[in-house]
Each structure stands twice: as C-alpha cells, then as structure tokens.
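Residue strings, one per chain:
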Amino acid sequence: SSQMRLRFADSGWFLLVHTQCSLVAWNQGLLGFVDRLALSRESRVLFGVLKFSWDVTVVHELTDDKQALASAITDMKFDAYSSNIGGAFRAMQSMLQHGRRDSPSVCMMWTDARPSYPSSEFDAISAAHDLRRSCRVMVLSMRPAVSLDIIRPWVSHPTTQNMIQVASAEAVAGFANKLNKLTCAQLQLEETADIGY
C-alpha cells in the first residue's frame with residue numbers, strides 16, 4: 001500500500017458514502033477518519049457527510065463539531081438499494097455553496113458499487129466532471145466490484161493521487177488508521193493506494 005503525505009492548508013472536507021456491505025465496518029472507517037481530522041474553529045477545517053443509494057441524504061452539514069459528526073455517523077443507517085453516483089456528485093456540488101469560498105475543498109466518495117439507476121456510468125462521469133470545477137474529487141472504492149477503470153474518469157488529476165482501493169469493508173477502517181492526524185483537507189497519495197492485500 002502507498003504512503004500518504006499531507007500538505008497543510010485551510011480547507012473543507014466533504015464525504016459521500018454508499019455501501020451494500022458491512023455497515024459496522026464502514027461506520028468504523030468513517031469514525032476513524034473523522035477522529036483524525038483536526039476539526040476546530042482554529043483549524044478552520046469543515047467536514048460534512050452525505051449518504052446515497054436511490055436518494056441522496058445529508059448525514060451532517062458542514063461543521064467543525066467533531067462530536068456532532070461522530071454522533072450522526074453512529075446513528076446513520078444505509079439504504080442498500082441503488083447507487084445514484086451521479087446524483088451524489090450533484091448533491092455535493094450543492095453542499096459546496098455552504099462552504100468556505102476562501103479555501104480549497106475536497107470531495108471524497110466511498111462506494112462499493114457501480115453507478116445504477118437512476119444514475120449511469122455516463123451520468124456519473126458528467127456529474128463528476130462538473131464537480132471537479134469546484135473541488136478536488138477523490139474516490140475510495142472496493143475491488144473487484146468497482147475497478148480503477150470505472151472510477152478513473154470521476155477523480156481529479158493526477159488520477160493516481162486521487163484513487164484509493166480497498167479489498168473489503170473491513171479494510172476501510174485500515175485506510176483510516178493509515179492516516180496521521182489530519183490538520184488539513186489536502187491529502188496527497190504517493191501513488192494509487194491499494195489497501196487490504
């Protein structure tokens with residue numbers, strides 16, 4: 001797996017989450033990820049979470065309140081029906097309107113499924129293209145269900161620094177544990193990260 005290097009800057013994190021697998025494992029990964037964010041008024045980093053299946057739902061709006069985020073994530077329930085990835089990217093675009101305009105933003109999608117109705121591969125690519133005009137887009141996917149070839153058109157360039165793959169739902173927590181304390185929202189991957197061998 002790749003080493004991850006951080007660059008320091010004031011930014012906003014936005015996380016899109018979808019799973020048809022182990023809810024417990026994904027929640028553990030999310031909680032570990034949030035725990036490593038340096039969220040505070042002083043850091044000026046904001047974080048928000050959306051979940052998506054057929055519909056896209058706001059789990060928590062952008063905030064620097066780590067306790068509120070952890071509570072919302074713990075209470076989150078997944079709807080394992082569809083994978084409206086295009087709709088999720090568009091919802092993130094809307095959420096950006098409530099973020100800080102004086103700093104870069106990052107959208108990281110976590111998914112274990114390909115686009116499905118009401119979205120499609122073309123719809124996902126188109127929506128991701130529009131979102132990349134406003135922020136950096138990263139994707140964490142589960143293989144073999146979601147290959148790098150599928151997510152490559154979604155992410156920002158350079159693509160190798162914005163794609164992360166895990167072998168299982170349980171490996172999501174491993175991804176979070178590989179991160180140092182995040183004091184910013186800019187995460188640089190040395191190369192495409194593949195976690196869970």
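Residues numbered from 1 in each chain as written. Predicted model: local features only at pLDDT ≥ 70, side-chain atom pairs only at ≥ 80, totals over all residues. Heavy atoms only, no water.

What about the confidence of the model for the protein?
1) Next: Counting all residues, the mean pLDDT for the protein is 76, and 74% of those residues have values of 70 or more.
2) Next: The lowest-confidence element of the protein is strand S1 (residues 4–7), averaging 33 in pLDDT; the highest-confidence one is helix H4 (residues 121–132), averaging 95.
3) Next: Below a pLDDT of 50 lies the segment residues 1–11, which in the model reaches 45 contacts outside its immediate sequence neighbourhood of four places, other chains included. (pLDDT = per-residue confidence, 0-100. Helix = DSSP H or I, 4+ residues; strand = E, 2+ residues; numbered from the N terminus. Contact = heavy atoms within 4.5 Å.)

Section: helix H2 (residues 66–75)
1) Next: Along H2, the residues that are buried comprise Leu-69, Ala-72 and Ile-73. One side of H2 carries all its buried residues, which in axial view fall inside an arc of 100 degrees. Exposed residues pointing more than 90 degrees away from the buried face of H2 are listed as Gln-67, Thr-74 and Asp-75.
2) Next: Sitting at the amino-terminal end of H2 is Asp-65, which places a side-chain oxygen 3.1 Å from the backbone nitrogen of Gln-67. (Buried < 20%, exposed > 50% of the residue type's maximum accessible area, 1.4 Å probe, protein only. Arc of directions from axis to C-beta. Polar contact = N/O pair within 3.5 Å; in protein donor to acceptor, adjacent residues only side chain to side chain.)

Thoughts on the environment of Ser-71
1) Next: The residue Ser-71 is located in helix H2 in this model.
2) Next: A sequence separation of 40 residues divides Ser-71 from Leu-31, and the C-alpha atoms of the two residues are 9.3 Å apart.

Overview of the state of the cysteines
1) Next: As enumerated under the stated definition, the model contains zero disulfides in all.
2) Next: Distance from the sulfur of Cys-107, which forms no disulfide, to the nearest cysteine sulfur (Cys-135) is 5.2 Å.
3) Next: Judged by its relative accessible area of 0%, Cys-107 falls in the buried class.
4) Next: Take Cys-135: its relative accessible area is 8%, and that puts it in the buried class. (Disulfide = S-S within 2.5 Å.)

Some words on the pairing of strand S4 (residues 56–63)
1) Next: Examined bridge by bridge, strand S3 (residues 46–52) and S4 share five bridges and lie antiparallel to one another. Paired with Leu-50 across the bridge in S4 is Val-58.
2) Next: In textbook terms, the turn of a hairpin is the stretch between consecutive antiparallel strands, and for S3 and S4 this stretch comprises three residues. (Pairing = 2+ DSSP bridges.)

Structural notes on unusual backbone geometry
1) Next: Residue Pro-118 follows Tyr-117 across a cis peptide bond; omega there is 15 degrees.
2) Next: In this structure, Pro-158 follows His-157 across a cis peptide bond, with omega equal to -5 degrees.
3) Next: By the element assignment, Pro-158 lies in the loop between helix H5 (148–151) and strand S7 (163–166).

With respect to the environment of Arg-132
1) Next: Considering the arrangement of structural elements, one finds Arg-132 in helix H4.
2) Next: Since its relative accessible area comes to 24%, Arg-132 is described here as partly exposed.
3) Next: For the pair Arg-132 and His-157, spaced 25 residues apart in sequence, the C-alpha separation works out to 9.4 Å.
4) Next: Contacts of Arg-132, omitting those with residues within four sequence positions, involve Val-137, Pro-153, Trp-154, Val-155 and Ser-156.

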